[in-house]
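Examining the three-dimensional arrangement
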Amino acid sequence: LPGTASESLERGTGFDLAAPLAPQPLAVNGTSRLVGAVKAYPSLSRSSKSVVSSKSGASDVQVMEPIDERCGTPDSQDMQKVMAWLNGVAGEDRDYEWDGGETSWGLAVSGEMEELLEGLCRMSALGISDFLDRRFDDVRKDTDVSFNNTSSLGSVIYSTQPVNALLRRRPVQLFVLGLSAVFCRGLLISKFSYDRYVDGFAFGPFTHYRLETVLTRNGAYGHGISGPGLSDFGVLGLSKCSSQGDPLGPDDAYDAVVSTHGRSIVATYPEKVGMTGWYLSTGASEGSQDLDPAYFNVWATNDPLVIGNVSCGQGQDVSHWWEEADAQDTTWCGAKWSKVGASSWRYSTSEGRAGPGGPFWHFVQAPVGLPQERGPDGFQSFLLFPAWWEFDFNWVLPDIFGSIGFATSALAGFASGVLPRHIAAWLPMPHHLLGCCLIGSVCSTLLHSALLLAHGVSASAMVSFTASIPMAFVPFCVLMANAGNSKPLVLIILWCYAFLENARQACVSVAFFHSPFSEVSLPGIFGLTFVVLATLLRLKALWSSTRILRQTRLRYDALWKQLWNSEGGQESIQQLERIVKTMVVRDFNCPCRQYNRRRAGAPPSQMDVDADDAHNGGAPIHPLFRDLDLFTIPDAVDTSSRVKSCNQLFCQAAIANLLLIDRLKEWADVSQGLFWEASAEGGKRAFVKWSDVKGSVGAARRIHWSPMKRHERCIEKMVRSYDNDPSRLLDISRGSIAFESLGDLTECLEAIWADENVVVSRITNRMGADFKSDETGGYRDVSINLRLVSPEAQALGAELHVCEVQLLLKGYALLRSQDYLGYVRARDWRGS
């Protein structure tokens, strides 16, 4: 706590800490202060003489939201006075003043700095000095959603927490609820189909069942196949056992007459029977392994057979074997046959390939390997019905998790926007709900793959495993945040998911149906639809932003063309570029950020105060820090320690802003610099040279100094672009100087570079011929990030705070002031 502020409280200078304060916003009283001072009743102010303050008038920026603490209620007249002072609208005439002077620990401060420090001290005394950090914590925790609707829908996905922000927008909520409904419909149909078939027959009843060899182990197909390559064939009943292997004894109804015709083997039953699968035995002859079927179709019919029909022994003339495998109906031996099986199949999440109301099996075109043993030793059965885990872990549980995740996240996003903040704080984060449920979907699919592999179904296990890989991108994307450097990592990952999922489905379709478009992935289609819409919305946002600034950019470009074509214009631009290139930034060798001081070990206790001051770089040490044994090295940056507190950052900025104004005056004085001046008669403001008005007290008071950046805008920038990192805010304390000519601007830049009270951290020359002005809508200036390192700044702990100074031509400054609202609209469209 600075000495002057703490001493004023100890002396009891008229401020009553017990006096009730209205729960109103605290505001900057003047353009350079965080709080003008937390004032109670003006009648209790510290000075009785009537003066006209030398400080600027009413507040330009509000830095505090309403305070929730409940206080007593003073009488209405005093309350109105308090509210006026707290909101910075009391006007110019005041009945108090801060005189400045020297603190008890040897630091000379101005009256304005004394007012600021006392205000900061009183904020601490009242327990409200951490209001910005509390506000920002609410934003980071998503209990404060007021910043989610400030940018366009197309730019939300570029923000720091894009998924959370998206789930609070009505169009996205409706889209996500639609996804939930689709997944819910899919799991209900899948479960209904499974329950419908699992307790009965898969197909039937039929009299004749036929196994037709389409491809042999040696690769023969069509006319190249001479026989079925099997010695026995039949179907399985409800016992799921062959007639000979049924533990309850042979079932006469399933005692078939087996005959071979061409490349088919037919099982004819005495009466119609249903089937749950089939069995077969390989050929009886030794050395006949090459003739074993690698792919086959199973057919069924109730029509009478005409065995003498010429079609019974013929193979089809086809170019590829899978051309026969894809057929669902055929005519053979005078009868019409329906497909009831194949060597490989999958289960459907809809009504099946047979159409609405049909079976839920996908008979795929994938070869299998039969046993090498011959005859009865080569027996193998094929059961159509899956075990419950084989179906539920792949077709039901992932859809349940997905449906619940989409629905609850959309509802949570909606509720957080309509419920009061203290109630919404108890709700789970929308992206946490969605991410956790999607993780459940991925885990279910992986478990399904592991169980299939354990049961020897390696091909299906591989398909299930590959499905989980792109699926894992989604929860990772949902739970992550963008990197804060305007790179839409979430959108990039979603594009990767959409590409991989659809590419995976295309590969599976090629492997199973020999066509990349035979089947599509519903999640892949939804993912592709989302990323395409998000990209189009982003392009629309950029286009809208450009359209808003189109006329302004034309005027900026006209100014630049006029400067370029003016006499000596090109030479002035080139001269500025050469000077900027010679100004090698001499600040710390690391990214330009807001850093903390480097700490030093405490000096031995027997050392006197002078030794303490010497240990602290010559700057006076406040007794409080000596008591706390806390010592830092002034102007020594700790690059491993960035500023994380918004309150610390704004306190530094408030101090630096007062010191920066003094430097701006000196730089403008030596370079014919211009500042905005408010008209004494209340008319429009205009530019005046500081050298012309510095001697006039009245005119100097009317100078409009750049206000500190509003904390709402700072939080907005962190949410949109800075990855919630306060240390990237480099323009809270800021100032600008306008010039009639580029030569004056260059002269000011050289004065800043030569000033021993500042250290330049970064120079951005937008007045160069190579600068791409489309990035700034045609606007140009020279932007300087610098630190104030004067003894006063070091003593107040603000010498590491990075400020921004803009040097620009008068024409650009006038145009910027005229089109500011358009710039804000364009900024919101871009989400910057």
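Okay, so let's go over this structure. (Residues numbered from 1 in each chain as written. Predicted model: local features only at pLDDT ≥ 70, side-chain atom pairs only at ≥ 80, totals over all residues. Heavy atoms only, no water.)

1. Some details on the overall build of the protein
Each helix and strand counted, the protein has 26 helices and 24 strands in total. Considering the protein as a whole, with its 832 residues, one finds that 52% of them fall into the buried category. For the protein, the exposed area adds up to about 37100 Å²; of that, 56% sits on carbon and sulfur atoms. (Helix = DSSP H or I, 4+ residues; strand = E, 2+ residues; numbered from the N terminus. Buried < 20%, exposed > 50% of the residue type's maximum accessible area, 1.4 Å probe, protein only. Areas by Shrake-Rupley, 256 points an atom, 1.4 Å probe, with all protein chains shown as cover.)

2. Topic: the sheet that holds strand 6 (residues 230–236)
Pairing is antiparallel across the open sheet formed by 3 strands, whose spatial order is 6-9-15. Single-partner strands in this sheet number two, and they are strand 6 and strand 15 (379–383). Between one strand axis and the next, the sheet turns through 15° on average, direction left out of account. As judged from the 6 bridges shared by strand 6 and strand 9 (residues 277–282), these two strands associate in the antiparallel manner. Bridging across to strand 9, Asp232 finds its partner in Ser281. (Pairing = 2+ DSSP bridges. Axes fitted to C-alpha atoms, helices over the stretch in contact; angles between N-to-C directions.)

3. Overview of a nonpolar patch on the surface
On the surface, a nonpolar cluster with roughly 580 Å² of combined accessible area is contributed by Trp495, Leu528, Val532, Leu533, Leu536, Leu539 and Leu542. For the nonpolar patch, the leading source of residues is helix 14 (residues 522–548), giving 6 residues. With respect to the secondary-structure elements, Leu536 resides in helix 14. (Patch = residues over 30% accessible without salt bridge, like charges linked within 9 Å, V, L, I, M, F, W, Y side chains within 5 Å. Salt bridge = Lys/Arg side-chain N within 4 Å of Asp/Glu carboxyl O.)

4. Some remarks on unusual backbone geometry
Across the junction of Gly204 and Pro205, the peptide omega takes the value 10°, indicating a cis bond. Tracing the sequence through the fold places Pro205 in strand 5 (residues 203–216). The phi dihedral of Cys333 is positive, around 55°, even though this residue is not glycine. Counting through the fold element by element, Cys333 comes out in the loop between strand 11 (329–332) and strand 12 (335–342).

5. Remarks on the pairing of strand 24 (residues 802–809)
In the case of a regular strand, side chains alternate between the two sheet surfaces. Counting buried positions along strand 24 gives 8 out of 8 residues, so the element sits mostly inside the fold. Residues Val802, Glu804, Gln806 and Leu808 point to one face of strand 24 and Cys803, Val805, Leu807 and Leu809 to the other, with burial holding for every one of them. As paired strands, strand 21 (residues 734–739) and strand 24 are joined by 6 bridges and run parallel to one another. Counterpart to Phe739 in the pairing with strand 24 is Leu809. Pairing of strand 23 (residues 782–788) with strand 24, which is carried by 6 bridges, proceeds in the antiparallel orientation.

6. Considerations on the side chain of Ser403
Assignment of secondary structure puts Ser403 in helix 9 (residues 388–418). Beyond its immediate sequence surroundings of up to four residues, Ser403 is in contact with Ser180, Phe183, Cys184 and Leu187. (Contact = heavy atoms within 4.5 Å.)

7. What about the sheet that holds strand 8 (residues 264–275)?
Read from one edge of the open sheet, 6 strands run 7-8-5-10-12-11, paired in antiparallel fashion. Since the sheet does not close on itself, it has two edges, and those belong to strand 7 (257–261) and strand 11, each with one partner. Going from strand to strand, the sheet's axes swing by 35° on average, the running direction of each strand aside.

8. Points about the packing of helix 15 (residues 550–565) against helix 25 (residues 810–818)
Interhelical geometry of helix 15 versus helix 25 gives an angle of 170° and a closest axis separation of 10 Å. In terms of their interaxial angle, helix 15 and helix 25 are classed as roughly antiparallel. Seen from helix 15, the contacting residues are Thr552, Arg555, Tyr556, Leu559 and Trp560; seen from helix 25, they are Gly811, Tyr812, Leu815 and Arg816. Here the residues of the contact of helix 15 with helix 25 sort into 5 nonpolar, 2 polar and 2 charged. (Parallel < 35°, antiparallel > 145°, perpendicular 65-115°, else oblique. Nonpolar A, V, L, I, M, F, W, Y, C, P; charged D, E, K, R; others polar.)

9. Some points on the pattern of salt bridges
Taken as a whole and assessed by the stated rule, the structure comprises 27 salt bridges. A salt bridge links Arg597 to Glu799; the shortest N-O distance between them is 2.7 Å. Taken as a pair, Arg597 in strand 16 (residues 595–600) and Glu799 in the loop between helix 24 (791–795) and strand 24 lie far apart in primary sequence, 202 residues in all. Each member of the pair, Arg597 as well as Glu799, is classed as buried. The partner of Arg663 in a salt bridge is Asp755, with the nearest N and O atoms 2.7 Å apart. Here Arg663, found in helix 19 (residues 646–671), pairs with Asp755, found in the loop between helix 23 (742–754) and strand 22 (758–765); they are 92 residues apart in sequence, far enough to count as distant. One exposure class covers both Arg663 and Asp755, and it is buried.

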